[in-house]
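Listed here are the chains, written in short residue letters.
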Amino acid sequence: MLLSMDRELLHIIGVTLRMSFFSTLISCTLGITLGVLIGQKSFKGKRTVNKITGTLMGLPPVVAGLIVYMLFTRYGVFGELKLLFTVEVMVIAQCLLITPVVINLTQSVISSNAAIIRETAVGLNFTAAKRLRLLLNENRQALLSVVLNAFGRSIAEVGAVSLVGGNIQWKTRVMTTAIMLETNKGNFSFALALGIILLVISLIVNIIANLLVKEEKR
Amino acid sequence: MKKLLAVLLALTMLFAFAACGGEKTNTDLPEQTTGAADDGTTVKTPANPTIRISTTTSVNDSGLLPYLLPAFEKATGYTVEVQSAGTGAAIQKAKDGNADLILVHAKASEEEFVNEGYGVERIPFMYNYFVIVGPADDPAGIKDCENAAEAFAKIADAEESFISRGDESGTHKAELKIWGEDVPDAEADKWYINAGKGMGACLSMADQMKGYCLTDKATFLSMKDELGLEILLEKGEDMKNTYSLIECNPEKLADINTEGAKAFIEWMTGDDASALIAEYGKEQYGAALFYLLEE
């Protein structure tokens, strides 16, 4: 059964990886930058910021999808862009969902040792750029976890992408929405097989990411 | 911490026992009487009072079952648990032994269900018509078509967006039957959108894309106010949509509430239900949504 839908399955995996890659890239670029900024500094309102990002970590995917749907619907603010039911809008919805998670986790990682690392760096008379590099390098493993967490949320997410992407065959169908569809069709065992494929993809991405971080260590 | 865990564990077990106990008493006292019915007679609670129905969204989400069930439950003392999904999943759930009967609308799948021994007998009992909805200005010009096949051909010629359920539901199967051999290829024909979603989501999508969609009338009417779509074609002879009841076969599947399923089918095909079905929708939409099959 899996073999018979080869070509379509490959397309679905392709869309899934494309979406998850860009969701992870954008949400981590934004989120880690902000998280590092917040984590290093102590300022008035830091707790409030953390409370907000912490709350947004519990944002239900369907709600994130709904917000993006309302914005991009034909009658919505960005309706003119005609982005609804595209991979682009799926990435936007996922970034809304994942960026707060990345900010919150990153700042918590950075907060835990920024002061000590800063002290060391100042003692060694490092420039600001070198100081930042040391900070990131020391937190490499933890930040990798943050990135993988973001990727995991993206690839496993169904509520938001189903709503704004529409699960359109040969266009916006991803692994999770395909699994949902097969379940709705009553093809339970096939749906389960797709779930296993999704896990294998996730495993491969995790292995590659870990290898990359190890390489850098040398 | 350990203490807390122990307390939690104890509580869980207590609940589990309570739940088991509850079930026991139910089976011990099968002939318990419930409250008086309207006409003053008392209705006996049947020995196995729960009926599980696996049905399609067009019957449940359109409000028909929620409208009928209270009357059935009052008249017979049964409690009905409704699971609604697309016809494909609805039938699969029954094949997995999770339903006592099915109420669906896909003839070929129903016959397969009976032939494979899962169902006892297919009992068609009511019908309505699929309708083709689309933007009010009708860019493909299907308004005056004789039937759905002709309308579909025009949509294909004009390459106007057409949203297909693509989920092996009864509506999807009906759509495929209308296309026949000319079913578009979703990969090559970009106007043919295989959404793989429920009726409501497909209608929203058709609204967004200003496309056409084949839908059951009940679901469309229940959403019409939120959609910029109109009914463009209805009552073509190839758009008839027949609903059937099938009792699950207790010889093939374990733990089927056969008496319950029989009672439900008897009631649904009887005079009380017929009168209710014929009235359904008249008040809200000005026309009945389901019609009874003449015997």
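(A) Structural detail: the overall build of chain A. The secondary structure content of chain A amounts to nine helices and zero strands. Listing the helices and strands of chain A from first to last along the sequence gives α-α-α-α-α-α-α-α-α. The C-alpha extent of chain A, read off along each of the three principal axes, is 65 × 45 × 25 Å. In chain A, 73% of the contacts between residues at least 6 apart in sequence involve partners at least 24 apart. Each charge sign in chain A was given a centre, from 21 positive and 10 negative side chains, and these centres are 9 Å apart.

(B) Molecular detail of the side chain of Lys197(B). Considering the arrangement of structural elements, one finds Lys197(B) in the loop between β8 (192-194) and α8 (199-209). In this structure Lys197(B) is buried but unpaired, with Glu157(A) as the nearest side chain of opposite charge at 10 Å. In this structure Lys197(B) touches Ser162(A), Leu163(A), Gly166(A), Asn167(A), Arg165(B), Asp167(B) and Cys202(B), once residues within four positions along its chain are discounted.

(C) Quick peek at the nonpolar core. Residue and element names in this part refer to chain B. Ranked by internal contacts, the top residues of the largest apolar core, which has 62 residues, are Leu203, Phe264 and Phe290. Apart from the residues lying within four places of it in its own chain, the contact partners of phenylalanine 264 are Ile51, Ile53, Leu65, Leu69, Phe72, Leu101 and Leu245. Formed by 22 residues, the second largest nonpolar core is a distinct cluster that contains Ala140, Ile142, Phe162 and Tyr192.

(D) Representation of the pairing of strand β11 (residues 240-248) of chain B in the model. Residue and element names in this part refer to chain B. Counting buried residues in β11 gives seven out of nine residues, a clear majority hidden from the surface. Sheet topology places strand β5 (residues 101-104) next to β11; four bridges connect them, and they run antiparallel. In the strand pairing of β11, leucine 103 is matched with leucine 245. In this sheet, β11 lies alongside strand β6 (residues 119-135) in antiparallel orientation, the contact comprising eight bridges. Following the sheet pairing, proline 124 is matched in β11 by serine 244.

(E) Quick look at the domain arrangement of chain B. Residue and element names in this part refer to chain B. Split into domains, chain B comes out as domain 1 (49-127 + 241-292) and domain 2 (128-240). On a C-alpha basis, the centroid separation for the pair domain 1 and domain 2 is 26 Å. Facing 17 residues of domain 1, the contacting portion of domain 2 comprises 17 residues. Both sides together, the interface formed by domain 1 and domain 2 hides about 1400 Å², and carbon and sulfur atoms give 58% of it. Our count for the contact surface shared by domain 1 and domain 2 stands at zero salt bridges.

(F) Highlighting the environment of Arg18(A). Residues and elements named next belong to chain A. Tracing the chain through its elements places arginine 18 in helix α1 (residues 6-40). Judged by its relative accessible area of 44%, arginine 18 is partly exposed. Along the primary structure arginine 18 and threonine 55 are separated by 37 residues, whereas in three dimensions their C-alpha atoms are 28 Å apart.

(G) Spotlight on the environment of Ala150(A). Residues and elements named next belong to chain A. Here alanine 150 shows up in helix α6 (residues 140-156). According to the relative accessible area criterion, alanine 150 is buried, its value standing at 1%. Along the sequence, alanine 150 and isoleucine 98 sit 52 residues apart, while their C-alpha atoms lie 6.2 Å from each other. Setting aside chain neighbours within four positions, we find alanine 150 in contact with Thr24, Ser27, Cys28, Ile98 and Val102.

(H) Representation of the packing of aromatic side chains within the structure. Residues and elements named next belong to chain B. For the structure on display, the rule yields 17 aromatic pairs over all chains. On the numbers, 6.1 Å between centres and 5° between planes, the contact of phenylalanine 72 with tyrosine 78 is stacked. Each member of the pair, phenylalanine 72 together with tyrosine 78, is buried. Chaining the aromatic ring pairs together yields one cluster made of Phe152, Phe162, Trp179, Trp191 and Tyr192. The ring of tyrosine 118 has lysine 252 sitting right over it, with the charged end atom 4.8 Å from the ring centre.

(I) Representation of the environment of Ser154(A) in the model. Residue and element names in this part refer to chain A. Inspection of the secondary structure assignment puts serine 154 in helix α6. The spatial distance from the C-alpha of serine 154 to the C-alpha of leucine 97 is 8.8 Å, given a sequence separation of 57 residues. Contact partners of serine 154, with chain neighbours within four places excluded, come to Met19, Ser20, Ser23, Thr24, Gln94 and Ile98.

(J) Summary view of the interface of chain B and chain A. Contact residues are listed per partner, giving 24 residues for chain B and 22 residues for chain A. Roughly 1800 Å² is buried in total at the junction of chain B and chain A, and carbon and sulfur atoms are behind 49% of that figure. Counting the surface chain B buries against chain A, the share from its top three residues, Glu187(B), Lys197(B) and Gln208(B), is 31%. Our count for the contact surface shared by chain B and chain A stands at three salt bridges. Among the ionic pairs, Glu187(B) bridges to Arg7(A), the shortest N-O distance being 2.5 Å.

(K) Summary view of the state of the cysteines. In total, this model carries zero disulfides over all chains according to the counting rule given. Cysteine Cys28(A) shares no disulfide, and the gap to the nearest cysteine sulfur, in Cys95(A), comes to 9.1 Å.

(L) Focus on the packing of α1(A) against α6(A). Residue and element names in this part refer to chain A. Across the interface, α1 lies against α6 with an axial gap of 9 Å and an inter-helix angle of 140°. Between α1 and α6, the interaxial angle falls into the category oblique. Our pair here, α1 against α6, has a crossing hand that is right-handed. Residues Thr16, Met19, Ser20, Ser23, Thr24, Ser27, Cys28 and Ile32 of α1 pack against Val147, Ala150, Phe151, Ser154 and Ile155 of α6. Class assignment for the residues of the contact of α1 with α6 results in seven nonpolar, six polar and no charged.

(M) Spatial organisation of unusual backbone geometry. Notably, Trp170(A) is not glycine yet its phi reads approximately 65°, a positive angle. Within the element layout of this structure, Trp170(A) appears in the loop between α7 (159-165) and α8 (175-185). On the basis of relative accessibility, which here comes to 14%, the residue Trp170(A) falls in the buried class. In the Ramachandran plot, Asp138(B) falls in the positive-phi region, its phi being about 45° despite a non-glycine side chain. For Asp138(B), the position within the fold is in the loop between β6 and α6 (148-158). Judged by its relative accessible area of 8%, Asp138(B) is buried.

Conventions used here
- Residues numbered from 1 in each chain as written.
- Chains lettered and ligands numbered in written order.
- Predicted model: local features only at pLDDT ≥ 70, side-chain atom pairs only at ≥ 80, totals over all residues.
- Heavy atoms only, no water.
- Helix = DSSP H or I, 4+ residues; strand = E, 2+ residues; numbered from the N terminus.
- Contact = heavy atoms within 4.5 Å.
- Lys, Arg positive; Asp, Glu negative; His and termini not counted.
- Charge placed at Lys NZ, Arg CZ, Asp CG, Glu CD.
- Buried < 20%, exposed > 50% of the residue type's maximum accessible area, 1.4 Å probe, protein only.
- Salt bridge = Lys/Arg side-chain N within 4 Å of Asp/Glu carboxyl O.
- Core = buried A, V, L, I, M, F, W, Y, C linked by side-chain atoms within 4.5 Å.
- Pairing = 2+ DSSP bridges.
- Domains from an automatic or database assignment.
- Buried area = accessible area lost by both parts, 1.4 Å probe.
- Phe/Tyr/Trp six-rings, centres within 6.5 Å; stacked < 30°, edge-to-face > 60°.
- Lys NZ or Arg CZ within 6 Å of the ring centre and 35° of its normal.
- Disulfide = S-S within 2.5 Å.
- Axes fitted to C-alpha atoms, helices over the stretch in contact; angles between N-to-C directions.
- Parallel < 35°, antiparallel > 145°, perpendicular 65-115°, else oblique.
- Left-handed = near helix turned anticlockwise from the far one by under 90°.
- Nonpolar A, V, L, I, M, F, W, Y, C, P; charged D, E, K, R; others polar.

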